[in-house]
Amino acid sequence: MKTNTKPRRPAVSATNRRRWLQAGAAAACTALPRIAAAQDEYKVTQGRIRQSVIHWCFRPMPVEDLAANAARMGLKSVELVGPEHWPTLKKHGLMCAISGSHGFAKGFAHVEERAECLDKLRQSIDATAGEGWPSVITFSGFRRGISDEDGMRNMVEGLKKIVGHAEKKKVTLCLEMLNSKVNVEMKGHPDYFCDNIERCVEICNQVGSERLKILFDIYHVQIMQGDLIARIRKFHPFIGHYHTAGNPGRNEIDDTQEIHYPPIMKAIIETGYKGYVGQEFIPLRDKAASLNQAVKICDV
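What counts and how
- Residues numbered from 1 in each chain as written.
- Predicted model: local features only at pLDDT ≥ 70, side-chain atom pairs only at ≥ 80, totals over all residues.
- Heavy atoms only, no water.
- Helix = DSSP H or I, 4+ residues; strand = E, 2+ residues; numbered from the N terminus.
- Expected span 1.5 Å × (residues − 1).
- Bend = angle between axes of the 7 residues up to and from the residue.
- Buried < 20%, exposed > 50% of the residue type's maximum accessible area, 1.4 Å probe, protein only.
- Contact = heavy atoms within 4.5 Å.
- Salt bridge = Lys/Arg side-chain N within 4 Å of Asp/Glu carboxyl O.

(A) Structural view of helix α5 (residues 148-169). Taking 1.5 Å of rise per residue, 22 residues should cover 32 Å, and α5 covers 31 Å from first to last C-alpha, within 8% of that figure. Along α5, the helix axis deviates most sharply at Lys-160, where the bend reaches about 35°. The set of residues buried in α5 consists of Gly-151, Met-152, Asn-154, Met-155, Val-156, Gly-158, Leu-159, Ile-162, Val-163, His-165 and Ala-166. Packed against the buried residues of α5 are α4 (114-131), β4 (135-138), β5 (172-176), α6 (197-207) and β6 (212-217). Where α5 ends, the next residue or the one after it, Lys-170, has phi of about 60°, a positive value.

(B) The pattern of salt bridges, seen in detail. Counted under the stated rule, the structure contains 17 salt bridges. In this structure, Glu-112 engages Arg-144 in a salt bridge whose closest nitrogen and oxygen atoms are separated by 3.9 Å. Separated by 32 residues along the polypeptide, Glu-112 in the loop between β3 (98-99) and α4 and Arg-144 in the loop between β4 and α5 bring together distant segments of the chain. Note on Arg-144: relative accessible area 44%, which makes it partly exposed. Asp-195 is paired through a salt bridge with Arg-199; the nearest N and O atoms lie 3.4 Å apart. Assigned by exposure class, Asp-195 and Arg-199 land together as buried.

What follows is the structure, encoded as structure tokens:
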């Protein structure tokens, strides 16, 4: 007679059953914080500030990852990335709120740099207009011994040579003010010519086109001049774009720094501004978590 050698499953006692149920419940509880963290990620709800994020300060996070994070949080744009990345933005339902051009190292304050700046601006204006996107950045470049009078004259003459093309293409040039006090790479730009808002506004006045405005970088203005809300209210007709960052350090815009962002965002809304606010801080902590915190702070 053949003997069945297959082992028999032991009977499950009530005690063992309770232990298994308790172990399963413990495992479920262990998983809960991860689920809660995903559910707690903030997504734009007010939407009165159209938020964007700048890529360079979130490196080495790839554009693909930054775009995915931005879209999930309810942002509208990843900006200052080249046309090679625009298909990635569109895949995530995003756009590029402001396009790059000639960079801050060269600009219109010096006649000898004009031709290169005009060429790069023209290319960027054409590419940006082709997507139906709104803005292109421009800069003054560095002073390098030039007087205020000569620098202003060169700025106005140079920008007048390109603003007509921007008008034709329905793209706004945004002249960025940068601070000249902080001598730390990408946190300040010693010797930058357009280092105060009033100078930038006067250039816009003299050029006399609705297609030339200023990029009001809240971090840079705070360092050089302060009175942020007063200047926003005074100069809002000339403002075509905003950037954020915490001061000091150009890091997170939370309560570790001196700028209180919610009332600044409310002041921007009160001016009737319909453009974009780009998050341009350098995260010290988890990049996605810091971006999400900033999104929540600015969604007033």
